[in-house]
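# Commentary on secondary and tertiary structure
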Amino acid sequence: MTSITARKSAPAAGTTPGAAQAPPRPAAGRPPLRHRIALLPTAALVLGAVYCLLPVAWVLVAATKSGRELFSTFTFLPGTGFTENIADLHAYRDGIYWRWMGNSAFYAGFGALLSTAVSAVSGYALALYRFPGREAVFKVLLAGVLMPPVILAVPQYLLLAKVDLTDSYLSVLLPLLLSPYGVYLARIYASAAVPADVVEAARMDGAGEWRIFTRIGLPMMVPGLVTIFLFQFVAIWNNFLLPYIMLGDDEKFPMTLGLYTLLAQGSNTPALYTLVITGALLALLPLIALFLFIQRFWSLDLLSGAVKS
Amino acid sequence: MTTTAPRANATAAAVRRSGARRGRSAPFAFLAPAAVLFALFFALPIGYAIWLSLHKVEVKGLGLGKGARSEVWAGLTNYTDALTDSELLDGALRVLGYGAIVVPTMLGLALLFALMLDADRVRLTSVTRLAIFLPYAVPGVIAALLWGFLYLPDVSPFYYVLDALGLPQPDLLDGGPLFFSLSNIAVWGGTGFNMIVIYTSLRSIPAEVYEAARLDGCSQFQIALRIKIPMVAPSLVLTFFFSIIATLQVFAEPTTLKPLTNSVSTTWSPLMKVYQDAFGNGDLHAAAATAVIIAVVTLALSFGFLRAANSRTQQGEPR
Amino acid sequence: MPFTLRRRLVATTVAGLLGATALTACDSSGDESAAPAEAGPAALTYWAWAPGMDKVADLWNKGPGKESGITVTVKKQASGDDLVTKILTAAKAHQAPDLVQAEYQALPTLVSNDVLADISKEVEGVEEKFAPGVWQQATLGTDAVYAIPQDSGPMMFYYRQDLFKQYGLTVPTTWDEFAETARTLKEKAPDKALTTFSANDAGLFAGLAQQAGARWWSTEGEKWKVGIDDAATRKVATFWGGLVKEGVIDNQPMYTPAWNKALNTGEQIAWVSAVWAPGTLTTAAPDTKGKWAMAPLPQWSGGAQATGSWGGSSTAVTNDSKHKAAAAKFVTWLNTDPTALAALVKESGIYPAATAAQTGGALSKAPDFFSNQPTFYAEAAAIAKTTAPSAWGPNVNVAYTTFRDAFARAAKDKTDFGAALRTMHDTTVADLKKQGFGVAE
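Residues numbered from 1 in each chain as written. Chains lettered and ligands numbered in written order. Predicted model: local features only at pLDDT ≥ 70, side-chain atom pairs only at ≥ 80, totals over all residues.

## Focus: the overall build of chain A
For chain A, the helix and strand inventory stands at 16 helices and 0 strands. Out of the 309 residues in chain A, the part that is buried amounts to 52%. Taking all contacts inside chain A whose residues are at least 6 apart in sequence as the whole, residues at least 24 apart take part in 72%. (Helix = DSSP H or I, 4+ residues; strand = E, 2+ residues; numbered from the N terminus. Buried ≥ 20, exposed ≤ 12 C-beta atoms within 10 Å, placed from the backbone. Contact = placed C-beta atoms within 7 Å.)

Structure (structure tokens):
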């Protein structure tokens, strides 16, 4: 009981590392029990974190190495070239890296936003309405992931070529707007988070279906939707094959594709490893920031609880 | 399960009552954007891919100059070619072995971490949550370099440690260990993603659900086992479903290790064969046929799983 | 009303998009009608992966391009086999750029898919600027000209001068001596290897076969003849397979972090490579600067002088281009004009295919990494003249992929390379037949 109160009274706990480390605020007169740390789970999580961070740490360490040090010093020994690498990356073709970064942010941000919206309405409809063919619609949408994306990229290109949309920003955005994974996830979250009686009560009050969705359904689905947004953002951010096929103009390239051009410069030109590693490291930063920003929305059960009662 | 079932039933009942009267068209309107996008960017390309798989290019003579190539009806020859290619079957077997390691490990860890993040009195949750998710965000562009530095004996710090301890040094890029090296990349990259899916589900469980259990004196462990896991069952089904698909379409991990070793061929997994046919050999027709075969197998396995999971869930329901 | 607003927004966006495309369409049609045959004013796009190509194009745009009204925009791409598929896909939708950079061995595939334009009329007289072996790759042995050679990669033997001295090794002039050198080194320093046999780049093996006199593809009338498993190539395969089996050279792939380290620490003390090796060594083995030297490739018989080529590319005009004459004009300038070639050497680090540009100018000074060998480029030019002709067919990609898989397995298991070569040959022939090409047995 008390732990629940603690969780409810501090929905933002765990938003930032600092907050997580601060002792939990004592709630209404209950015991020092909570001051104990659950050692085993904490240790397991830390172990998991170390396992996951080790290869990421390599990216960090490698980005500090100069081209000279990269292949010659011990793998995890930090180097001396970090600022120089950044400067080189910045100078490369008049700072085109930042343009790629901006393109990636546009593709991922805009794409994830629209994709989340599509997932939200679809998932909500599939979870809260019962209509003929519901399961069929759902299964057909899911079946969309069965065909490997590798084989869809070329037909998608030829299709967009018919309307003269290849080599445009839209050509990378449009095919990614529908994410069967997102729809499935939204459906699960909607059926778990939006109680039918609340929807029904709103209907009794004469609210329209769209209004019920935006005013009642949507807020309750927020924790799930931010997750979908996060996934879609990262998926588009790191997507490679679709932009590779769609785009010819390197000014429109996303970061992944841009860095790839530094790696594959032809057999007679060595790859610019240090720039690529540094670029990949910098590309992680926006994703970390996004994650830290988004995780505060995962504690909104308080809000949905309030709407329910 | 018992806890969700009544509510799910209530949902259905309530919607049936009023949904019949009003808003009959609402769900279709809500699904319209997805339907249009699906038709354009999934159905049409899939249809085109199937069309491709039934055709082939026919070349005349030297194949130089205009009109030397034409697309002709091929019937099922692309399919019979693919199915009689022993490399495809070998690839499928390799992928099954790989999936047998990856799927249970990755999802087991994801569930474990999600439950621990959600448990009480656990510290450092924010840092560890981010840390475990981070591999998912590392762009694939540098993957080969990254794993080269960690797996290749001459540069790997692990070999360095093994050497210092006088332990035997297995070849991580050959034979049995290769499967673990590949699986490790997948587990490393996918655990955080699945953990977040399950964790978000856990967070959306209303806190009141636990109250009764707690008042009954259930331990954290019991709550996790008896209440939390059943309640996130839909998310577990989701992660399983998509993990099966991801396994059958595995491409990134072996492609990452390919340049580092003689042991990973260009057709190590079926999807690598598709890619090789389409982007290495420029034979979209053969690639499409193989892709359709993969899709059909994936359909059977993943939807078979979904059906099994659903019937189990329904059996679990009291009413 | 918000609805109207939204609709208007959509309409504007669509109009914008249509406007943009309509604009380019107008541009091209206008130009075409103005000067259909002449190299009139035109805006060309160029897909290339060589670094600094945009700067070379700028020189054109500010100089000769300005006079003729032809501007070229470079869109930098990533090189590799998948770029060929990308070009094929774009060509299928008639959206290929005007100009593409293409590796020599990709030309038959591109021609066979009707992607490249025959520019023989536009580039008359250009032929003499190139060595016949190089030029023939751009014509596929026909009367047509499908591309203009840009850079070439004559092969050479690179070795660690200091370590050769230390172990009392002499620079091998024949492949027999090469094998002896490998054995001697293994005896004297068991933890070192002369070099590695890498299965991850078929280009190297193709170059070695070319040196031995192989002709993997040739035409007999209206039929292709595949000669991958010919005597010359078999000799090369058996030779390397024997060395791997003996264990006197390594069998791990090139271009991995471990390979870089092996070069940097002197674990491998030689590399069979091409003229562009100094750049790669600068990145891979930075600590060995000034310790390497370059020599001609070992020969199959004493006194012979032949080399193969590894790498190199050409510039081609596509059939989708509405300004083929203008494009051909630029291509000719890019690959034959002294100013352009000097810029290509400086900005893109290429080794020019045009013979006149292989000495003097930017190439009068040895690469920094080889400052100990001041005559580097003079020697390179002499070697380049001995390049044996190479012959490519329409399914080089299939042969290369099969090479990679079959030879990787053979190298790993240290089994017979001859069997791997047979696999490569048979798969290539089977693929040609499957596609319907005429195949001479």
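Resuming the write-up.
## Observations concerning the interface of chain B and chain A
How big an interface is tends to be stated in terms of accessible area lost as the parts join. On the chain A side, the residues contacting the 95 residues of chain B number 98 residues. Tallied by class, residues from the side of chain B that touches chain A come to 69 nonpolar, 16 polar and 10 charged. (Nonpolar A, V, L, I, M, F, W, Y, C, P; charged D, E, K, R; others polar.)

## Comments concerning the nonpolar core
Core analysis: the biggest nonpolar cluster contains 335 residues, and Y124 of chain A together with L107 of chain C have the highest contact counts within it. Sorting elements by how many residues they give to this core places helix α4 (residues 86-118) of chain B first, with 15 residues. Contact partners of Y124 of chain A, with chain neighbours within four places excluded, come to A186, A190, F213, G217 and M221 of chain A together with F30 of chain B. (Core = buried A, V, L, I, M, F, W, Y, C linked by C-beta atoms within 7 Å.)

## Considering the UniProt feature "domain: ABC transmembrane type-1" (unreviewed entry) in chain A
Here the UniProt feature "domain: ABC transmembrane type-1" (unreviewed entry) sits at residues 101-294 of chain A. In residues 101-294 of chain A, the share of helix is 75% and the share of strand is 0%. The end C-alpha atoms are 20 Å apart. (UniProt positions renumbered as here; feature names shortened; annotations may be inferred.)

## Here's the deal with the UniProt feature "transmembrane region" (unreviewed entry) in chain A
All names here are of chain A. When the UniProt feature table is mapped onto this chain numbering, "transmembrane region" (unreviewed entry) sits at residues 37-61, 105-128, 140-160, 172-195, 216-237 and 271-294. When the span residues 105-128 is considered, its composition is 100% helix and 0% strand, and the gap between its end C-alpha atoms is 33 Å. When the span residues 172-195 is considered, its composition is 67% helix and 0% strand, and the gap between its end C-alpha atoms is 37 Å.

## With respect to the sheet that holds strand β10 (residues 439-440) of chain C
Residues and elements named next belong to chain C. The mixed open sheet is built from 3 strands, whose spatial order is β5-β6-β10. Every interior strand has two partners, whereas the edge strands, β5 (217-220) and β10, have only one. As judged from the 2 bridges shared by strand β6 (residues 223-226) and β10, these two strands associate in the parallel manner. By the bridge assignment for β10, K225 is matched with A440. The strands touched by helix α17 (residues 417-435) are β6 and β10; relative to β6, the strand with the most contacts, the crossing angle is about 170°. (Pairing = 2+ DSSP bridges. Axes fitted to C-alpha atoms, helices over the stretch in contact; angles between N-to-C directions.)

## Description of the interface of chain A and chain C
Each partner contributes to the interface: chain A provides 25 residues, whereas chain C provides 37 residues. Looking at the side of chain A that touches chain C, the elements that each hand over two or more residues are α4 (67-70), α8 (149-162), α13 (241-246) and α14 (255-263) of chain A. In terms of residue count, α8 of chain A provides more of the side of chain A that touches chain C than any other element does, 4 residues in total. For the side of chain A that touches chain C, a count of residues per class yields 11 nonpolar, 10 polar and 4 charged.

## Some points on unusual backbone geometry
The phi angle of most residues is negative, glycine excepted, and most peptide bonds adopt the trans form. Backbone geometry places R93 of chain A, a non-glycine residue, at a positive phi of 45°. Relative to the helices and strands, R93 of chain A is located in the loop between α5 (82-91) and α6 (96-128). Take R93 of chain A: there are 16 C-beta atoms within 10 Å of it, and that puts it in the partly exposed class. Here R121 of chain B, not a glycine, exhibits a phi torsion of approximately 60°, which is positive. Within the element layout of this structure, R121 of chain B appears in the loop between α4 and α5 (125-137). R121 of chain B gets classed as partly exposed once you count the C-beta atoms within 10 Å, which come to 17.

## A word on the environment of G282 of chain B
In this fold, G282 of chain B is placed in the loop between α13 (270-280) and α14 (284-316). Between the C-alpha atom of G282 of chain B and that of A26 of chain B, which follows or precedes it by 256 residues, the distance is 46 Å. Setting aside residues no more than four positions away along its own chain, G282 of chain B makes contact with V84, T85, L88, T109 and N397 of chain C.

## Concerning the packing of helix α8 (residues 175-203) of chain B against helix α11 (residues 233-248) of chain B
All names here are of chain B. Here α8 crosses α11 at 165°, and the two axes come no closer than 9 Å. The angle between α8 and α11 falls in the class roughly antiparallel. Handedness of the α8/α11 crossing: right-handed. The residues of α11 that touch α8, namely those facing N194, V197, I198 and S201, are S235, L236, L238 and T239. Within the contact of α8 with α11, the residues separate by chemical class into 4 nonpolar, 4 polar and no charged. (Parallel < 35°, antiparallel > 145°, perpendicular 65-115°, else oblique. Left-handed = near helix turned anticlockwise from the far one by under 90°.)

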